[in-house]
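# Geometric and topological summary
Now for the letters of each chain:
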Amino acid sequence: MPNPSHAPAIPHSQPVSGPAADDSRSQHSQQQTRRLPQVEQLLQQPFLAGFIEALSRPLVTQAVRDTLSELRQSEVFRQHGVTPEHLEALIAKRCQQQLRQRQTRVINATGTLVHTNLGRSPLSADLWDEVRDLNTGYNNLELDLATGKRGGRKGLIAPLLGCLTQAEDSLVVNNNAASLFLLLQEIAKGREVIVSRGEQIQIGGGFRIPDILALSGAKLVEVGTTNITTARDYLDAITDQTALVLMVHKSNFAIRGFTESPDIGEVARALPEHVVLAVDQGSGLTTEEFAPDETSVRQYIKAGADLVCYSGDKLLGGPQSGIISGRTDLIKRLEKHPMMRTFRPSRIVYSLLERLLIHKLNKSPIGEGIAQRTLSNPAAMQARASQLMAALPGCFVPIPAQLVVGGGTLPDEFYPAPALECTDPRPAQQLLDALRELPVPVIATVRQQKVLLNMATLLPTEMDLLIAQLNELLLPASINATEES
């Protein structure tokens, strides 16, 4: 079975040697250069067997057809033909390009712990194993085992989140953008939503708060300024048409200097009964201890927020999901909304989140997100640096660096982390490309035209593989110096 992380090796048959063999091969190539083989004939060739297993026969068939079609339209082919070897290389290259688009494991050496482009929080292998049988067989997703009748699909998630955040009730959707959209559709469609000008953010992928309000059918009412919004700004903007005051986490930027934000408790206490106070907390901070200046979901609930939206795959450390916690009456309304069926997640998400929350409440390491695990053990980062330098002498220079949590969580927080600068003489971009082309791609960064491997985001289980791959790729400084002399 081919390695799922990279293209299968393309075997090359050993030619028969000797003048007669050379003549035969030359005559064979001349006979074949102007006549392309049939698609089915090519699909039977050994060099495509691994690609078919890794990509599927239909995709490889299409790659073969596309290659042949391009060749037929090529002036070079019409004049000179193509050798069988070159044809195989063209097809293999196209298959290889498709293979690189497939979901594959990568090694994160960027220093960004919750990296959206790399899948955000990696799940604990122990957590994954715990829910394997539950998801490879049938389960009681929507069955009440006590009555034998249809039941809800939340399982223990709501009471577990209640213990974690002190919220009366909670629901889960497929991401935090869906949380916010569902909330706005149910609570504020056709009515006014008050948002500070300093919180009308845009996150990755073009998701803008004003746009999502417009799509939900709510009317945006802006208050305050970019840097200062007071409690009085919110209260003065309230009318009979106001449905919601929405406070939004500044997920990917920070404002410093002359700034002011209201105390959420002050706003909550002063709001009329008909106005709901919702917070898009985003980051999913609950009991994590490395961000004392970040407001947790529990703190928002305690301060008087009626609903709090946050991600399950950021600081919480679970699968991709959005969570809404808050008042029972509002959560029940959201659960009955027609869009809830569109946004609800799969049993895989429910089972992983449920087990994660149990471990988190039990203070088990399995319940810690990648950020908590990493920042609570800085010695492990340094140990990885020492291991790499010892295994690949002359290939690295240690330098101080920083890590960020990332993923739209703590935009203004930087933590010290060791990094290794590659001594390889190749241009930085060339080396970056080479690292991404490894069997298990390594994603690194560049600083001052040097490639850096940040130790914060390397996982303990990856070290042997990383060393083996880099041993084949990197040129140590001692070799560089010898070649230059």
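Residues numbered from 1 in each chain as written. Predicted model: local features only at pLDDT ≥ 70, side-chain atom pairs only at ≥ 80, totals over all residues. Heavy atoms only, no water.

If you look the chain up in an unreviewed UniProt entry, it shows as L-seryl-tRNA(Sec) selenium transferase from Aeromonas popoffii. Its UniProt record gives the chain the following Cofactor (unreviewed entry) comment, quoted word for word: "pyridoxal 5'-phosphate". Annotation of the chain in UniProt includes, under Catalytic activity (unreviewed entry), the sentence "L-seryl-tRNA(Sec) + selenophosphate + H(+) = L-selenocysteinyl-tRNA(Sec) + phosphate". (UniProt positions renumbered as here; feature names shortened; annotations may be inferred.)

Bringing the overall build of the chain into the picture now. Scanning the chain for helices and strands turns up 22 helices and 15 strands. Here the chain, with 485 residues, has 47% of them falling under the buried criterion. Sequence separation of at least 24 residues holds for 77% of the intrachain contacts in the chain that already meet a minimum separation of 6. Element-wise, carbon and sulfur atoms account for 51% of the exposed surface of the chain, whose accessible area totals about 24700 Å². (Helix = DSSP H or I, 4+ residues; strand = E, 2+ residues; numbered from the N terminus. Buried < 20%, exposed > 50% of the residue type's maximum accessible area, 1.4 Å probe, protein only. Contact = heavy atoms within 4.5 Å. Areas by Shrake-Rupley, 256 points an atom, 1.4 Å probe, with all protein chains shown as cover.)

Our next topic: the pairing of strand E7 (residues 242-248). Among the 7 residues in E7, 7 count as buried, and that is most of the element. Here strand E3 (residues 192-196) runs beside E7; their pairing, made up of 4 bridges, is parallel. Bridge pairing in E7 links Ile 194 to Val 245. Judged from the 5 bridges that link them, E7 and strand E8 (residues 276-282) form a sheet pairing that is parallel. Bridge pairing in E8 links Val 245 to Leu 277. (Pairing = 2+ DSSP bridges.)

The 7 strands are arranged E2-E10-E9-E8-E7-E3-E6 in an open sheet whose pairing can be described as mixed. Both edges of this open sheet fall to strand E2 (169-173) and strand E6 (219-223), since each of them pairs with a single strand only. If you compare each strand with its neighbour and ignore which way they point, the axes differ by 25 degrees on average. Where strand E9 (residues 307-311) and strand E10 (residues 322-326) come together, 5 bridges link them in antiparallel fashion. Directly across from Leu 307, in E10, lies its bridge partner Gly 326. Contacts from helix H9 (residues 157-165) reach E2, E9 and E10, with the element oriented near 115 degrees to E2. (Axes fitted to C-alpha atoms, helices over the stretch in contact; angles between N-to-C directions.)

All right, on to unusual backbone geometry then. We note that Arg 120 has phi near 55 degrees; this positive angle belongs to a residue other than glycine. In this fold, Arg 120 is placed in the loop between strand E1 (107-108) and helix H7 (125-130). For Gln 448, which is not glycine, the phi dihedral falls at a positive 50 degrees. Within the element layout of this structure, Gln 448 appears in the loop between strand E14 (445-447) and strand E15 (450-454). With relative accessibility at 74%, the residue Gln 448 sits in the exposed group.

For the rest of this paragraph, the subject is the UniProt feature "modified residue: N6-(pyridoxal phosphate)lysine" (unreviewed entry) in the chain. The sites that UniProt annotates as "modified residue: N6-(pyridoxal phosphate)lysine" (unreviewed entry) are Lys 314. Here Lys 314 shows up in the loop between E9 and E10. Owing to a relative accessible area of 9%, Lys 314 belongs among the buried residues under this scheme.

This next bit is on the sheet that holds strand E12 (residues 415-422). The antiparallel open sheet is built from 4 strands, whose spatial order is E11-E12-E15-E14. Because the sheet does not close on itself, it has two edges, and the strands there are strand E11 (396-403) and E14. Across this sheet, the average inter-strand angle for adjacent strands is 45 degrees, counted without regard to direction. As judged from the 3 bridges shared by E12 and E15, these two strands associate in the antiparallel manner. Residue pairing in the sheet places Ala 419 in a bridge with Asn 454 of E15. In the packing of helix H20 (residues 428-436) onto the sheet, contacts are made with E12, E14 and E15, and the angle to E15 comes to roughly 40 degrees.

Before going further, it helps to spend a moment on the pattern of salt bridges. Where charged atoms from two side chains of opposite charge approach closely, those side chains can pair. Inspection of every chain in the model, using the stated rule, returns 21 salt bridges. The shortest N-O distance in the salt bridge between Lys 154 and Asp 169 comes to 3.0 Å. One end of the pair, Lys 154, is in the loop between helix H8 (132-136) and H9; the other, Asp 169, is in strand E2, and 15 residues separate them in sequence. This pair shows no difference in class: Lys 154 is buried, exactly as Asp 169 is. In this structure, the salt-bridge partner of Glu 186 is Arg 333, at a minimum N-O distance of 3.1 Å. Residue Glu 186 is located in helix H10 (residues 176-188), and its partner Arg 333 is located in helix H15 (residues 328-336); the two are separated by 147 residues in the primary sequence. Overall, Arg 333 belongs to the partly exposed group, its relative accessible area being 37%. Members of the salt-bridge network, linked through shared partners, are Glu 142, Arg 150, Arg 153 and Arg 344. (Salt bridge = Lys/Arg side-chain N within 4 Å of Asp/Glu carboxyl O.)

Inspection of the secondary structure puts Val 223 in strand E6. On the basis of relative accessible area, Val 223 is assigned to the buried category, the value being 5%. Along the sequence, Val 223 and Tyr 234 sit 11 residues apart, while their C-alpha atoms lie 6.5 Å from each other. Contact partners of Val 223, with chain neighbours within four places excluded, come to Ile 194, Val 195, Ser 196, Arg 197, Thr 229, Asp 233, Tyr 234 and Ala 237.

Of the residues in the chain, 89% have a pLDDT of 70 or more, and the chain-wide mean is 88. Low pLDDT, under 50, characterises residues 1-32; the predicted model gives this stretch 34 contacts beyond four residues in sequence or across chains. Contacts for the low-pLDDT stretch residues 481-485, under 50 throughout, to residues beyond four places or in other chains number 0 contacts. (pLDDT = per-residue confidence, 0-100.)

This part covers the nonpolar core. Among soluble globular proteins, nonpolar side chains are generally buried collectively. In terms of nonpolar packing, the biggest core is built from 44 residues, with Phe 290, Leu 388, Phe 396, Val 405, Leu 435, Leu 453 and Leu 470 touching the most fellow members. Taken together, the elements giving at least two residues each to this core come down to helix H18 (370-375), helix H19 (378-391), E11, E12, H20, E15 and helix H21 (463-473). Those residues within four positions of Leu 453 in sequence are excluded, and the remaining contacts are Ala 109, Phe 396, Ala 419, Leu 420, Cys 422, Val 442, Ala 444 and Leu 470. Core analysis: the second largest hydrophobic core is formed by 38 residues, Val 221, Leu 235, Val 267 and Ala 305 among them. (Core = buried A, V, L, I, M, F, W, Y, C linked by side-chain atoms within 4.5 Å.)

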